Amino acid sequence: MAATAGGIVALGKFDALHIGHRELAIQASRVGAPFLLSFVGMAEVFGWEPRAPIVASCDRKRVLSSWAPFCGNVTPVELPIEFSTVRHLTPRQFVEKLSKELGVCGVVAGENYRFGYKAAGDSSELARLCEEFGMGAYIIKPVMDKNHYSRKTASSNSKERGQVSSTRVRYALSVGDMNYVSELLGRQHRLILTAKDEEAFTSSKHRVSAPKSCMLNLPPKEGLYENSSLLIDDENPVSCRVVIDTTHIHLEFDEVDPCMHLTSQGPWKLGVEFGI
């Protein structure tokens, strides 16, 4: 029996895990055990240029765990599906897969959700097909972004209708507006740095530096970021300033560099949270 049997699946592209995605999970949790159905490998299928994710793969479970208080103290579970295995499914075949293979009891999606081969199906067809297959369909209004950047991001994306989106998160990071990023995400943005050996990190008494090749997800634009924090293995945040230049990220501390206490054996994972 599939792990999703009897559960409620939220449908969407969950790149940023922003507050709009969280709202889908909240609605799912009100009906049953919440799952996020996410597609992997879309870039390879469509030949898109590779780009850094907004949330590092190794950090997604932490973010989902932080949603538990909003979801009846249940942590939503992410269900990754290879996009190539569903790309050619018609809307009917896709819903049939949810019902018969995954055994879900219902789905949650936004009003603007499209699915099926060449995005042939919309939310109204999703609701109709779910009823046909004996599943519940919960279509919700998108979470809107009331920030003043809305017009700028909407002009470059025909799908933008003023809703919170991963496109807006990427835009906010590109201009270094960490307050806006935090509003969209519902949390501070965390950049993950990793290295297999200590040589990747250059450390002095009050500063540690790492090449951008150590980054596992998308950083904000080059510049200085005050009121930030460093976490080593997700524990004991230490206040720092962050400087990002063309090749490196530098963490500056008022106290002795906490990375000097790293154990001699890697790999190391550092989290950098950007203050507002």
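What you see is a predicted model, and the numbers here were worked out from it, not measured in a lab. (Residues numbered from 1 in each chain as written. Predicted model: local features only at pLDDT ≥ 70, side-chain atom pairs only at ≥ 80, totals over all residues. Heavy atoms only, no water.)

Undergrad: Can you walk me through the sheet that holds strand S12 (residues 268-273) in this structure?
TA: Sheet strands pair by backbone hydrogen bonding; their relative direction is either parallel or antiparallel. Overall, antiparallel pairing links the seven strands, which are arranged S6-S12-S9-S10-S11-S8-S7 in an open sheet. Each of the sheet's edge strands pairs with one partner strand only, and the pair in question is strand S6 (190-195) and strand S7 (202-203). (Pairing = 2+ DSSP bridges. Helix = DSSP H or I, 4+ residues; strand = E, 2+ residues; numbered from the N terminus.)

Undergrad: In this structure, what is going on with the nonpolar core? I would like to understand it.
TA: Residues Leu193, Phe201, Val242 and Ile249 are the most contacted members of the largest nonpolar core, which totals 49 residues. Those residues in contact with valine 242 that lie beyond four places of it in its chain are Gly223, Leu224, Tyr225, Ser228, Ile249, His250, Leu251, Val272 and Phe274. Residues Val9, Phe115, Leu129 and Cys130 belong to the second largest nonpolar core, which totals 23 residues. (Core = buried A, V, L, I, M, F, W, Y, C linked by side-chain atoms within 4.5 Å. Buried < 20%, exposed > 50% of the residue type's maximum accessible area, 1.4 Å probe, protein only. Contact = heavy atoms within 4.5 Å.)

Undergrad: It is not clear to me how the side chain of arginine 170 should be interpreted in this structure. Could you clarify?
TA: When you line up the elements, arginine 170 lands in helix H7 (residues 166-174). What makes arginine 170 buried here is its relative accessible area of 15%. When neighbours within four sequence positions are excluded, arginine 170 is seen to be in contact with Asp15, Arg51, Ala52, Pro53, Ile54 and Leu218.

Undergrad: Sorry, what's going on with the pattern of salt bridges here?
TA: A pair can form between side chains of opposite charge whenever their charged atoms are brought close. Applying the stated rule across the entire model yields 15 salt bridges. The shortest N-O distance in the salt bridge between glutamate 78 and arginine 60 comes to 2.5 Å. Here glutamate 78 is found in strand S3 (residues 77-82), whereas its partner arginine 60 is found in helix H3 (residues 60-66), with 18 residues between them in sequence. With its nearest N and O atoms 2.9 Å apart, the salt bridge here joins glutamate 273 to arginine 190. Taken together, the residues glutamate 273 in strand S12 and arginine 190 in strand S6 connect sequence positions 83 residues apart. For the pair glutamate 273 and arginine 190, one class covers both residues: buried. (Salt bridge = Lys/Arg side-chain N within 4 Å of Asp/Glu carboxyl O.)

Undergrad: Would you explain the pairing of strand S8 (residues 207-211) in this entry?
TA: Regular strands have side chains that alternate between both faces of the sheet. Taken together, the two bridges between S7 and S8 define a ladder with antiparallel strand orientation. In the strand pairing of S8, serine 203 is matched with valine 208. Connecting S7 to the next strand, S8, in antiparallel fashion are three residues.

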